[in-house]
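One-letter residues, chain by chain:
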Amino acid sequence: MYQPQKRELTVALTFGLSALFLYVTPAWAEFTLNWTSDTGNPVFSGTSVTQTDDGGNDQLLPNQTPFVYERVLDGTTPYYHLIVGDPESGFAQEVYIQAGYTAQTGGNCRGPVSCAGIADPIGPSVSASGGDTAVSFGFEGNGFDPLSSDAVSSGNASGNPSRVQMRQLVTDGDLTVDFVKDTFAEKPSITNTIDAADLNATIVIDSTGNPLTSAATASVVTNTTELLGSNLPPDVSSPNGGPSSVRFDMATDAQNSHVTAGMYSYTPGSGPGGSSGTYTYSEGSANINPDWGSSFDTRETNPWSYPDNRPTP
């Protein structure tokens, strides 16, 4: 069972929670990505996390990254809904991933397949991603090794993207990166902007209408760069020829542009909910599951549920 108090700040959400999945016909209606809980009483919502130390003792750590976890229904189809961080803090991520009912586990009622009328009709369930259910540890989940590049243990990079909506917003002074996948059947759109005193730059990969099933269709790309300030060469396009800006726009200034952004497709795999599938790229291949542990900053005091797998310097 998902245990948010042992997973806050340790989950690498790359379309992956973990575990088994019983197929439920999807309603395919989109949720709204707005950094807001959909229920009045989420399973977990707060800024405290429980960490287990080397001796097996639990300690409550307050003032951590805000975290919301709840299970919601789209018609009769269950989803996990996770919100990590806060847009005002410079990092926020919101994810919906389709879940599946598990009717019985160890004789316990687990969902409406055989438990109609229970107080929580969704029940503890598992998502459309790969990963071991960690039954050997006593409960399901990838909290024991969340940054592993081995999808068998973590579920990372294994989720079926057509069962996922998500948004990740990162802001750092002049830089804003906004990753939005607000439609189940379509690829994500990415906006990367720099708005500084001496530089304005925008790169947008707009995948609106570009289905996950097609590797032949490129997404619409906007790529502009503008240098600002007084120490610039004359702007020959200006009537006065005075220093104004130096600007490049791929749409009008590129002599030989070749756009491949969005030219990939996903084929569902044999994992739960079509997870653990195959990505096909129009040119070459890509590593979608790198060594996540190499990005972990060991200098910071970061709560780590199970220290055995915490990255070391």
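Residues numbered from 1 in each chain as written. Predicted model: local features only at pLDDT ≥ 70, side-chain atom pairs only at ≥ 80, totals over all residues. Heavy atoms only, no water.

**Quick word on the packing of aromatic side chains**
For the coordinates displayed, the defined rule picks out eight aromatic pairs. Their ring planes at 5° and their centres at 4.2 Å tell us that F31 and Y96 sit as a pair that is stacked. Taken together, the residues F31 in the segment before strand 1 (44–46) and Y96 in strand 6 (residues 91–100) connect sequence positions 65 residues apart. Of the two residues, F31 and Y96, neither departs from the other in class, the shared state being buried. (Phe/Tyr/Trp six-rings, centres within 6.5 Å; stacked < 30°, edge-to-face > 60°. Helix = DSSP H or I, 4+ residues; strand = E, 2+ residues; numbered from the N terminus. Buried < 20%, exposed > 50% of the residue type's maximum accessible area, 1.4 Å probe, protein only.)

**Let's talk about the side chain of D249**
Structurally, the position occupied by D249 is in strand 15 (residues 246–249). Buried within the structure, D249 lacks any salt-bridge partner; its nearest side chain of opposite charge belongs to R247, at an N-O separation of 4.1 Å. Among the polar contacts listed, one links the side chain of D249 to the backbone nitrogen of A251, at a separation of 2.9 Å. (Lys, Arg positive; Asp, Glu negative; His and termini not counted. Salt bridge = Lys/Arg side-chain N within 4 Å of Asp/Glu carboxyl O. Polar contact = N/O pair within 3.5 Å; in protein donor to acceptor, adjacent residues only side chain to side chain.)

**A look at the nonpolar core**
Counting eleven residues, the largest nonpolar core is built from F44, F67, Y69, Y80, L82, V84, V95, I97, A99, V164 and M166. Elements supplying a minimum of two residues to this core: strand 4 (67–74), strand 5 (77–86), strand 6 and strand 10 (164–172). Grouped together as the second largest cluster of nonpolar side chains are six residues, F31, L33, Y96 and F184 included. (Core = buried A, V, L, I, M, F, W, Y, C linked by side-chain atoms within 4.5 Å.)

**A short note on unusual backbone geometry**
Positive phi, close to 60°, is recorded for N63, a residue that is not glycine. You can see N63 is positioned in the loop between strand 3 (58–61) and strand 4. Judged by its relative accessible area of 69%, N63 falls in the exposed class. One non-glycine residue, A157, adopts positive backbone phi at about 65°. Within the secondary structure, A157 sits in the loop between helix 1 (151–154) and strand 10.

**A closer look at the environment of S148**
Residue placement: S148 occurs in the loop between strand 9 (126–127) and helix 1. Residue class for S148 comes out buried when judged on its relative accessible area of 12%. With 143 residues separating them in the primary sequence, S148 and D291 have C-alpha atoms 7.1 Å apart. Setting aside its immediate chain neighbours within four residues, S148 contacts S153, S154, N156, N289 and W292. (Contact = heavy atoms within 4.5 Å.)

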